[in-house]
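# Fold and geometry: a report
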Amino acid sequence: MLDATFAALADPTRRAILTRLAAGEATVGELAAPFAMSQPAISKHLKVLEKAGLVSRGRDAQRRPVRLEPGPLKTATDWLESYREYWEESYQRLDALLKDNP
Amino acid sequence: MSVTVSTPSPREIRMVRTFAAPRERVFAALTEPALLKNWYGAKGWWLTDAEIDLRVGGAWRFVSAGPGGITMASGGVYREIAPPSRLVYTERFDDQWYAGESLVTAELTGATTLTTTLLFETREIRDHVLRSPMERGLGESYARLDTLFSERTES
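Worth saying up front: this structure is predicted, and the values here are computed from it rather than measured. (Residues numbered from 1 in each chain as written. Chains lettered and ligands numbered in written order. Predicted model: local features only at pLDDT ≥ 70, side-chain atom pairs only at ≥ 80, totals over all residues.)

Along the polypeptide, A:T27 turns up in the loop between α2 (12-22) and α3 (28-32). Discounting residues that sit within four places of it in the chain, A:T27 has contacts with A:R63 and A:P65. (Helix = DSSP H or I, 4+ residues; strand = E, 2+ residues; numbered from the N terminus. Contact = placed C-beta atoms within 7 Å.)

Have a look at this one:
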């Protein structure tokens with residue numbers, strides 16, 4: 001599951017789509033607008049995001065708005081945060097070392 | 001100035017951190033055993049022994065002490081050495097807490113931003129490494145609980 005999340009997040013277009021969706025749901029057309037990409041190309045990215053559980057599509061047959069699903073994103077962010085915390089202490093010791101011995 | 005972590009590709013972890021010191025000094029802190037022993041090691045870990053043969057093809061070997069007195073050894077070979085801007089080396093752990101070998105690239109820019117990119121053999125290994133602090137953190141909490149419980153029983 002998280003493998004799929006990270007694979008989905010590895011692409012800059014998909015990250016940009018998620019950033020846009022954090023501001024609220026949007027149609028495929030609205031999502032495609034800021035990118036130099038066709039709607040089918042955006043739809044392909046959306047399929048990857050949907051498969052990873054990062055977005056869902058609305059039922060409205062005409063618009064089928066895309067929504068952000070925060071669950072897996074939160075888990076992925078938690079991983080990154082715990083990894084960050086795991087190393088921050090070491091970097092703080094380096095700060096002290098660099099300060100102490102000019 | 002805290003470290004930021006990202007996953008630029010499915011097999012990589014990248015850490016970016018800024019230091020208030022010139023690149024030369026940060027590079028020295030990455031490559032001189034006496035300096036490394038003062039700072040290097042993830043949460044709860046200290047570097048106790050560092051041997052470095054700083055030339056391309058030269059080997060490095062670290063021994064670290066961790067929670068509860070456990071030790072962990074790792075080592076590798078230097079691939080690129082370009083002070084003060086770039087250092088590339090392989091890394092492998094003796095006890096195989098992750099499989100295979102990773103490639104570590106440290107890039108120093110400005111005054112001074114250190115970008116460390118770890119490239120693993122597979123995405124599964126990368127995810128395992130990324131997940132491990134959380135799992136290890138839980139494990140350590142349980143270990144502390146165990147200690148607490150055993151102390152209670154003894155007294």
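That shown, we press on.
A:L49, A:V55, A:Y83, A:L94, B:V26, B:A29 and B:W39 are the most contacted members of the largest nonpolar core, which totals 42 residues. Sort the elements by how many residues they give to this core and helix α5 (residues 70-100) of chain A lands first, with 9 residues. Leave out the neighbours within four places in its chain, and A:L94 touches B:F19, B:A29 and B:W39. (Core = buried A, V, L, I, M, F, W, Y, C linked by C-beta atoms within 7 Å. Buried ≥ 20, exposed ≤ 12 C-beta atoms within 10 Å, placed from the backbone.)

The interface of chain B with chain A comprises 28 residues on the first partner and 23 residues on the second. Among the elements of the structure, β2 (12-18), α1 (23-31) and α3 (123-154) of chain B are those that each provide at least two residues to the side of chain B that touches chain A. Considering each element in turn, the side of chain B that touches chain A owes the most residues, 8 residues, to α3(B). Residue composition of the side of chain B that touches chain A, by class: 15 nonpolar, 6 polar and 7 charged. (Nonpolar A, V, L, I, M, F, W, Y, C, P; charged D, E, K, R; others polar.)

This next bit is on unusual backbone geometry. Residue and element names in this part refer to chain B. A cis amide bond links P83 with the next residue in sequence, P84, at an omega value of 0°. Along the chain, A111 connects to T112 via a cis peptide bond; the corresponding omega equals -15°. Examined against the element boundaries, T112 turns out to sit in the loop between β7 (102-109) and β8 (113-119).

Residue and element names in this part refer to chain B. One open sheet accounts for 8 strands, arranged β1-β2-β8-β7-β6-β5-β4-β3; its pairing is antiparallel. Each having just a single partner strand, β1 (4-6) and β3 (46-52) make up the two edges of the open sheet. If you compare each strand with its neighbour and ignore which way they point, the axes differ by 20° on average. Across 7 bridges, the pairing between β7 and β8 is antiparallel. Note that in β8 the partner of A106 across the bridge is T116. Contacting β3, β6 (86-93), β7 and β8, α1 runs over the sheet at an angle of about 160° to β7. (Pairing = 2+ DSSP bridges. Axes fitted to C-alpha atoms, helices over the stretch in contact; angles between N-to-C directions.)

On to the packing of α2(A) against helix α4 (residues 39-51) of chain A. Residues and elements named next belong to chain A. Packing of α2 against α4 brings their axes to within 10 Å, and their N-to-C directions diverge by 75°. The angle between α2 and α4 falls in the class roughly perpendicular. Note on element contacts: α4 touches α2 through H45, V48 and L49, opposite T13, R14 and I17. Of the residues belonging to the contact of α2 with α4, the class tally is 3 nonpolar, 2 polar and 1 charged. (Parallel < 35°, antiparallel > 145°, perpendicular 65-115°, else oblique.)

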